[in-house]
There are 2 protein chains.
Amino acid sequence: MPELFTAVAILSGCFKKYAGTDGDPNTLSKAELKKLLQTEFEGLLSKGNDNKEVDRFFEALDQDKNGKVDFVEFSTLVITLGMALNDCPK
Amino acid sequence: MPELFTAVAILSGCFKKYAGTDGDPNTLSKAELKKLLQTEFEGLLSKGNDNKEVDRFFEALDQDKNGKVDFVEFSTLVITLGMALNDCPK
């Protein structure tokens, strides 16, 4: 499989792992996003104040303000964070 | 490295491979985008009319209309195409 599709398959697989936990399997609820951030981005959320931080992430990601985070919105998070942490071209 | 960063590293590596060919190494020119589409998405461009199709892709990707495609704009292409071709959640 072309390299780029490998990257998309990784993103999709990770998204499905968390989005499928409750309710709509194609979107992340706030609780699912929190679990993903805690597990996949260890250390990103400061211990004491997780929920407020999750609220901020959720609001930033939920671009169409429908109360859920879809796959493209999730991917934008990963790419933006990856750029910050992985010295990608700005 | 966490799985998600592997995906971002793949996207970033591919982007740098083409963006570094001419001019600004942090953005894709139309010529660089054409080379990327022909190589990484084989068969996406119908042979006879590549330039018009590349123009359409370029316009769709160049969200901020600055005449160049940056890494986040490029990643949006890959994710959208990947979703179409890889049965990702819509």
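Everything quoted here is computed from the prediction, not taken from an experiment.

Right, let's talk about the overall build of chain A for a bit. Across its full length, chain A holds four helices and zero strands. Reading the secondary structure of chain A in the N-to-C direction produces α-α-α-α. Taking as baseline every contact in chain A between residues at least 6 positions apart, the subset at least 24 positions apart corresponds to 39%. Surface exposure of chain A reaches about 4600 Å², of which carbon and sulfur atoms provide 55%.

Take the pattern of salt bridges next. With the rule as written, the count across this model stands at four salt bridges over all chains. When the shortest N-O distance is used, the salt bridge between A:Lys17 and A:Glu40 registers 3.3 Å. Within this pair, whereas A:Lys17 is found in helix 1 (residues 3-19), its partner A:Glu40 is found in helix 2 (residues 30-40), the two being separated by 23 residues in sequence. A salt bridge links B:Asp55 to B:Lys30; its shortest N-O distance comes to 3.0 Å. One end of the pair, B:Asp55, is in helix 3 (residues 50-61); the other, B:Lys30, is in helix 2 (residues 30-40), and 25 residues separate them in sequence. Exposure remark for B:Asp55: the relative accessible area of 30% places this residue in the partly exposed category.

This brings us to the packing of aromatic side chains. In the structure shown here, the tally under the stated rule is eight aromatic pairs over all chains. Ring centres of A:Phe41 and B:Phe5 lie 5.7 Å apart, and the angle between their planes is 85°; on these two criteria the pair is classed as edge-to-face. A residue pair is termed interchain when its members come from two chains, as with A:Phe41 in the loop between helix 2 and helix 3 (50-61) and B:Phe5 in helix 1 (residues 3-19). Of the two residues examined, A:Phe41 and B:Phe5, each falls in the buried class. Ring geometry for A:Phe71 against A:Phe74: centres 6.4 Å apart, planes inclined by 35°, an arrangement best described as tilted. Of the two residues, A:Phe71 and A:Phe74 both sit in helix 4 (residues 71-86), three residues apart, roughly one turn of that helix. Taking relative accessible area as the criterion, A:Phe74 reaches 0% and is therefore assigned buried. By way of ring pairs, the aromatic residues A:Phe15, A:Phe71 and A:Phe74 are connected into one cluster.

What counts and how
Residues numbered from 1 in each chain as written. Chains lettered and ligands numbered in written order. Predicted model: local features only at pLDDT ≥ 70, side-chain atom pairs only at ≥ 80, totals over all residues. Heavy atoms only, no water. Helix = DSSP H or I, 4+ residues; strand = E, 2+ residues; numbered from the N terminus. Contact = heavy atoms within 4.5 Å. Areas by Shrake-Rupley, 256 points an atom, 1.4 Å probe, with all protein chains shown as cover. Salt bridge = Lys/Arg side-chain N within 4 Å of Asp/Glu carboxyl O. Buried < 20%, exposed > 50% of the residue type's maximum accessible area, 1.4 Å probe, protein only. Phe/Tyr/Trp six-rings, centres within 6.5 Å; stacked < 30°, edge-to-face > 60°.

Nothing here speaks to function; it is geometry throughout.
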